[in-house]
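So you can see what is in the structure, the chains are spelled out below.
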Amino acid sequence: MITILSGGTGTPKLIQGIVQIVDPADINVVVNTVENTYISGNYIAPDIDTVMYTLARIINEDTWYGIKDDTFITHETLKKIGHDEILRIGDKDRAIKIQKTELLGKYSLSEVVDIQRKNLGVKSKIIPMSDEQSYIKIITDEGEMSFHEFLVEKKAEPEVENVIYNDVNPSTDLINTIESSEMIIIGPSNPITSIGPIISIDGVKKALKNVYVVAVSPIIGGKPVSGPAAKFMKALGYEVSSMGVATIYQEFIDKFIIDVEDIESKKKIEKLILEVMTTNTNMKTIDDKLSLARCIFG
Ligand code: GDP
């Protein structure tokens, strides 16, 4: 049994490679929940749904949220009647969100996600990091805002001064799942806003120290492949580089995979982490994803 820690873009790409070489039934995915919120009356768990749709092979790979070939009739109708929905939610995707919202009246988030992933034929277990309402606040030069407001409404333009998330308890299966895994994979997700909230939960770092952990850097050549990770890392005083990511993860990882483009920093990183490997980590094709997955297990 292996466990993958995930956000909603970089790690799902890697998951597509991992499922080619590991039986999906032997995979758990622990998912960040800080962006979970209500939109248009429905509970939205962006990273959980992205991971679930990736494993169900229905993810929209153009956006890394939503279902491929979805229609937007409800979204367009809402707009026409004067409800300006802040996220473009597809019709099929909305059906999943409506069911999630209804089920949350009776069950915990972990239970709801388990019901939904089984309904979609997903064999891997998907574990929300917490069943409590978590949140993230981005403190910027234009004031405090939600992650969504920062990313979508403000197009990640404000200067970031700090990133804050609330303390939440681990979901029922979180610590036990980490402790009983043969290997933990920290995928190439945002180390501050996706992996950061998971590892800050009480007991997670301690559990990680007792298992074999491999991490993949989301930074290539001093830049994130996509998204605002650079602004967040800088704001918290980390260098925007694989070395900076190594600094964040060093106390609990055993192997760190960096891109060939960063080969000159390998020696420096080896002072922090025992095993450092270089390979192509830019996942554009399924072959890229598969070869990165092989490197993790190699
Ligand atoms: P979010 O939840 O949408 O913010 O997504 P994640 O946190 O899962 O992923 C965002 C991070 O993934 C960014 O920091 C990117 O640099 C990284 N990323 C995206 N695609 C790739 C890729 O192909 N290779 C690597 N190494 N990192 C990637």
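In the block above lies the structure referred to throughout.
Residues numbered from 1 in each chain as written. Predicted model: local features only at pLDDT ≥ 70, side-chain atom pairs only at ≥ 80, totals over all residues. Heavy atoms only, no water.

Peer 1: What's the story with the overall build of the protein chain in this structure? I'm lost.
Peer 2: The number of helices and strands found in the protein chain is 13 helices and 14 strands. Counting only C-alpha atoms and orienting by the principal axes, one finds that the protein chain spans roughly 60 × 45 × 35 Å. Within the protein chain, buried positions represent 54% of all 298 residues. Taking the contacts inside the protein chain whose residues are at least 6 apart along the sequence as the reference set, 65% of them involve residues at least 24 apart. About 13,300 Å² of surface is accessible on the protein chain, with carbon and sulfur atoms providing 49% of the total. Here the protein chain holds 32 positive side-chain charges and 43 negative ones, and the gap between their average locations is 3 Å. (Helix = DSSP H or I, 4+ residues; strand = E, 2+ residues; numbered from the N terminus. Buried < 20%, exposed > 50% of the residue type's maximum accessible area, 1.4 Å probe, protein only. Contact = heavy atoms within 4.5 Å. Areas by Shrake-Rupley, 256 points an atom, 1.4 Å probe, with all protein chains shown as cover. Lys, Arg positive; Asp, Glu negative; His and termini not counted. Charge placed at Lys NZ, Arg CZ, Asp CG, Glu CD.)

Peer 1: Please explain unusual backbone geometry as it appears in this structure.
Peer 2: In most cases, non-glycine residues show a negative phi, while peptide bonds are predominantly trans. Phi is positive for serine 40, which is not a glycine, with a value near 50°. On the accessibility criterion, serine 40 (29% relative accessible area) is partly exposed. Residues other than glycine seldom take positive phi values, yet aspartate 69 does so here, at roughly 55°. Mapped onto the fold, aspartate 69 is located in the loop between α2 (46-55) and α3 (73-80).

Peer 1: Looking at this structure, how should I read the site of the ligand?
Peer 2: Every one of the 21 residues lining the ligand counts as a neighbour, but Ser189, Asn190, Ser194, Pro218 and Thr281 are closest to it. In this structure, lysine 13 approaches the ligand through a side-chain N or O atom, which is 2.8 Å from a nitrogen atom. Contacts to the ligand include valine 225, whose backbone N or O atom sits 2.7 Å from an oxygen atom. Starting from 590 Å² of accessible surface for the ligand in isolation, the protein chains cover 93%. Residue composition of the shell around the ligand, by class: seven nonpolar, eleven polar and three charged. (Near = heavy atom within 4 Å. Polar contact = N/O pair within 3.5 Å; in protein donor to acceptor, adjacent residues only side chain to side chain. Nonpolar A, V, L, I, M, F, W, Y, C, P; charged D, E, K, R; others polar.)

Peer 1: Before we go on, may I ask you to explain the nonpolar core in this structure?
Peer 2: General note: in soluble globular proteins, nonpolar side chains tend to be found buried as a group. In terms of nonpolar packing, the biggest core is built from 48 residues, with Ile138, Ile186, Tyr249, Ile253 and Phe256 touching the most fellow members. Considering every element that reaches this core, the biggest residue donor is helix α11 (residues 242-249), with five residues. Leave out the neighbours within four places in its chain, and isoleucine 186 touches Leu5, Ile195, Val213, Val214, Ala215, Val216, Tyr249, Phe252 and Ile253. Membership of the second largest hydrophobic core comes to 36 residues, among which are Ile4, Val31, Ile48 and Cys295. (Core = buried A, V, L, I, M, F, W, Y, C linked by side-chain atoms within 4.5 Å.)

Peer 1: Looking at this model, I keep getting lost on the pattern of salt bridges. Mind explaining?
Peer 2: Any two side chains of opposite charge can pair, given that their charged atoms come close. This structure, assessed with the given rule, holds 13 salt bridges. Lysine 125 is the salt-bridge partner of aspartate 173, the closest N and O atoms lying 3.0 Å from each other. Of the two residues, aspartate 173 sits in the loop between β8 (160-165) and α7 (174-179) while lysine 125 sits in strand β5 (residues 125-128), which places them 48 residues apart along the sequence. By relative accessible area, which is 30% here, aspartate 173 ends up partly exposed. When its relative accessible area of 31% is taken as the criterion, lysine 125 is described as partly exposed. In this structure, the salt-bridge partner of lysine 205 is glutamate 251, at a minimum N-O distance of 3.9 Å. (Salt bridge = Lys/Arg side-chain N within 4 Å of Asp/Glu carboxyl O.)

Peer 1: Teacher, can you tell me more about the packing of helix α1 (residues 10-21) against α2 here?
Peer 2: In a pair of packed helices, the angle between the axes and the distance between the axes together describe the arrangement. For the pair α1 and α2, the least separation of the axes is 10 Å and the interaxial angle reads 30°. Regarding the angle of α1 to α2, the classification is roughly parallel. In the crossing of α1 with α2, the sense of the turn from one axis to the other is right-handed. Contacts between α1 and α2 pair Pro12, Ile15, Gln16 and Val19 from the former with Thr50, Val51, Thr54 and Leu55 from the latter. Residues that form the contact of α1 with α2 fall into these classes: five nonpolar, three polar and no charged. (Axes fitted to C-alpha atoms, helices over the stretch in contact; angles between N-to-C directions. Parallel < 35°, antiparallel > 145°, perpendicular 65-115°, else oblique. Left-handed = near helix turned anticlockwise from the far one by under 90°.)

Peer 1: Honestly, the side chain of threonine 281 in this entry has me stumped. Any pointers?
Peer 2: Within the secondary structure, threonine 281 is located in the loop between β14 (275-279) and α13 (286-297). For threonine 281, a relative accessible area of 6% corresponds to the buried category.

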